[in-house]
Amino acid sequence: MKTVKIGGVPEHFNLAWYLALKEGAFKKEDINLRWHDYYGGSGAMCQALESGDIDIAVILTEGIIKGIIDGNPSKIVQTFVQSPLIWGIHVAAGSKYETINQLKGKKAAISRYGSGSHLMAYINAKNNNWELEKDLEFEVIDNLDGAISGLSEGKADYFLWEKFTTKPIVDNGIFNRIGTCPTPWPCFVIAVSDKFIENSKEDLKSILKIINKTTEGFKELNNIDELIAERYDQKLEDVQEWLSLTEWSQSVINSDDVNQIQKQLAALNITSKIVDYDTLVTKV
């Protein structure tokens, strides 16, 4: 049986992988798929792909595009979630900051450099016409738990993270959410190391076929909203809203979306060049 290592954030977006694993769908294809949670998000997964700790990552689109441009030997093989990610902009409960404009020049908590929380701080700054060199400052906090302590202790002033994931933290009075910042492109893709694509293409095709079958019917599963609410400590009405906004994909990301992301990253000086579509994406 072929062992394949895959990583993703431990969030509701990836429940389909858990369900397919629980059903034994991959083992039926003689694949021992080993899931690894990455609490540090896309920055941590980029490093894991590059080091060979994982073969596959379910990763933020902008994060892996930056990673590949910077030399990560991987490719995007498919869009996983077609809909945008809605990032909440959070401050500590009791913070003096009540509007996004008040955060200009303040310190953003980020999981690590190159992570989604880092890149989206730039997007938020651009959306609000801030000066990128002058009005952005960062504090690395590793993960969501680090953000809770970092904001509560005043090490950083605000934090961007997916708003439904942080909703229980807001409901519990730890964070205040003072705004949102959606990504203007499909939010999650499936990225694979070049080595795995070269050596295990048939296994990769089988994995994609299984997960695509799972996501196609995911929203119609009996009591899926109740399962998500219980597993991820969410209110049922929040899960139902999230499901109504979220669309999974079984297709390869198109060149228009890739070009839009590249132009945005380059305009923010996050990347130094724009590369060909085939450098970033491959079809299997």
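Read on for a plain summary of the structure. The structure presented is a predicted model; accordingly, all values stated were derived computationally and were not measured.

What to know about the environment of L103
- With respect to the secondary-structure elements, L103 resides in the loop between β5 (86-92) and β6 (107-110).
- Beyond its immediate chain neighbours, meaning those up to four positions away, L103 contacts I89, V91, Y97, W130, Y158 and I178.

Considerations on the sheet that holds strand β7 (residues 137-140)
- Reading across the sheet, the 5 strands line up as β7-β6-β8-β5-β9 and stay open at both edges, with mixed pairing between neighbours. The sheet is open, and its two edges are formed by β7 and β9 (175-182), each paired on a single side. Neighbour-to-neighbour, the strand axes of the sheet open up by a mean angle of 35°, direction not taken into account.
- Of the strands in this sheet, β5, β6, β7, β8 (158-162) and β9 touch helix α4 (residues 116-127), which is tilted by about 110° from β8.

Re helix α12 (residues 255-267)
- Between the first and last C-alpha of α12 there are 18 Å, a value that for 13 residues agrees with the 18 Å anticipated at 1.5 Å per step.
- Among the residues making up α12, those that are buried are D257, V258, I261, Q262, Q264 and L265. Seen end-on, α12 carries its buried residues on one side only, within an arc spanning 165°. Exposed and oriented more than 90 degrees from the buried face of α12 are D256 and K263.
- Contacts made by the buried residues of α12 are with α3 (61-69), α4 and α13 (277-280).
- N-capping of α12 is provided by N254, with a side-chain oxygen placed 3.1 Å from the backbone N of D256.

Structural notes on helix α10 (residues 224-231)
- Along α10, the residues classified as buried are I224, D225, I228 and A229. Viewed along the axis of α10, the buried residues span an arc of 135°, placing them on a single side of the element.
- Looking at the buried side of α10, the elements it contacts are α1 (15-22) and α11 (236-245).
- Where α10 ends, the next residue or the one after it, D233, has phi of about 55°, a positive value.

Rules used in this analysis
- Residues numbered from 1 in each chain as written.
- Predicted model: local features only at pLDDT ≥ 70, side-chain atom pairs only at ≥ 80, totals over all residues.
- Heavy atoms only, no water.
- Helix = DSSP H or I, 4+ residues; strand = E, 2+ residues; numbered from the N terminus.
- Contact = heavy atoms within 4.5 Å.
- Pairing = 2+ DSSP bridges.
- Axes fitted to C-alpha atoms, helices over the stretch in contact; angles between N-to-C directions.
- Expected span 1.5 Å × (residues − 1).
- Buried < 20%, exposed > 50% of the residue type's maximum accessible area, 1.4 Å probe, protein only.
- Arc of directions from axis to C-beta.
- Polar contact = N/O pair within 3.5 Å; in protein donor to acceptor, adjacent residues only side chain to side chain.

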